[in-house]
Amino acid sequence: IVTTGLANVANYGLIRGNNGIGISGGSVTASNFTGGQIIGSIYGIAGTALDITNAGQIVGATYGVFASAVSTITNSGTIASGTVSGAAITLAGFDAIYLASGGTVTNQAGGALTGQRIGVLTGGGSALTLDNAGIISGNSFGAVYAQGGATITNQSGGVINGLGTAVGIYAAGAATITNAGLIDA
């Protein structure tokens, strides 16, 4: 699905972008419901400003979700960088979520944000507000990589895990971190 303007999408099935992007638009509001899959050979969802609610799977071979303007992502399903076969995800590419201008990410209990490189990334100087009760992981750079300021709350039961040699949380600017779960690197 590609639009240059506003895109409002409610998905209960499969949206597959074999030539790049599952959903792309100037401004995208998308609800991906339980059992829904949005898969892209580059991006799962990409746009200028995003308002995404996910209870299914969003997977892109490079980025699960990419936004160039301040955006809001709420997840209780899975957002990942990689490829999909059936319901199985093989990690590849870069980041689960890349918010180039920052924004707000809420990862609810049962939610997973997994990137081959980084789980949640913000662009240079961009602010991140993150509330996590699920699992956020990154394999090579870090689970959370905020290139600006960050306010991070890791709830009881929340896991922020930098796998391998990756860090749990990296913030280039001022950071306020409240932890009642596990932050591991």
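Because the structure is a prediction, the values reported are computed rather than measured.

Caption draft 1: The nonpolar core, seen in detail. Among the nonpolar cores identified, the biggest contains 30 residues, and I45, I73 and V105 are the most heavily contacted of them. Every element with two or more residues in this core is listed here: β1 (6-11), β3 (21-32), β5 (43-54), β7 (63-67), β11 (95-99), β15 (128-132), β17 (142-146) and β18 (150-154). Excluding anything up to four places from it in sequence, I45 contacts I23, V28, A30, I38, L50, I52, I58, G64, V65 and F66. Core analysis: the second largest hydrophobic core is formed by 7 residues, A46, Y63, F66 and L121 among them.

Caption draft 2: Spatial organisation of the side chain of Q37. Tracing the backbone through its elements, the reader meets Q37 in strand β4 (residues 37-40). By relative accessible area, Q37 is classed as buried at 16%. Engagement of the side chain of Q37 in a polar contact is seen with the backbone oxygen of G86, the distance being 3.0 Å.

Caption draft 3: Representation of the packing of aromatic side chains in the model. A full pass over the atoms with the stated rule returns 9 aromatic pairs. Pairing Y12 with F33 gives two aromatic rings, centres 4.3 Å apart and planes at 5°, and the pair type is stacked. Of the two residues, Y12 is situated in the loop between β1 and β2 (14-17) and F33 in the loop between β3 and β4; the sequence distance between them amounts to 21 residues. Since its relative accessible area comes to 58%, Y12 is described here as exposed. When the ring of Y43 is compared with that of F66, the centres are 5.6 Å apart and the planes differ by 35°; the resulting orientation is tilted. Of the two residues, Y43 sits in strand β5 while F66 sits in strand β7, which places them 23 residues apart along the sequence. What makes Y43 partly exposed here is its relative accessible area of 22%. Members of the aromatic cluster, each reached through a chain of ring pairs, are Y43, Y63, F66, F94 and Y98. Lying over the aromatic face of F141, R117 brings its terminal NZ or CZ to 5.4 Å of the ring centre.

The rules we used
- Residues numbered from 1 in each chain as written.
- Predicted model: local features only at pLDDT ≥ 70, side-chain atom pairs only at ≥ 80, totals over all residues.
- Heavy atoms only, no water.
- Core = buried A, V, L, I, M, F, W, Y, C linked by side-chain atoms within 4.5 Å.
- Buried < 20%, exposed > 50% of the residue type's maximum accessible area, 1.4 Å probe, protein only.
- Helix = DSSP H or I, 4+ residues; strand = E, 2+ residues; numbered from the N terminus.
- Contact = heavy atoms within 4.5 Å.
- Polar contact = N/O pair within 3.5 Å; in protein donor to acceptor, adjacent residues only side chain to side chain.
- Phe/Tyr/Trp six-rings, centres within 6.5 Å; stacked < 30°, edge-to-face > 60°.
- Lys NZ or Arg CZ within 6 Å of the ring centre and 35° of its normal.

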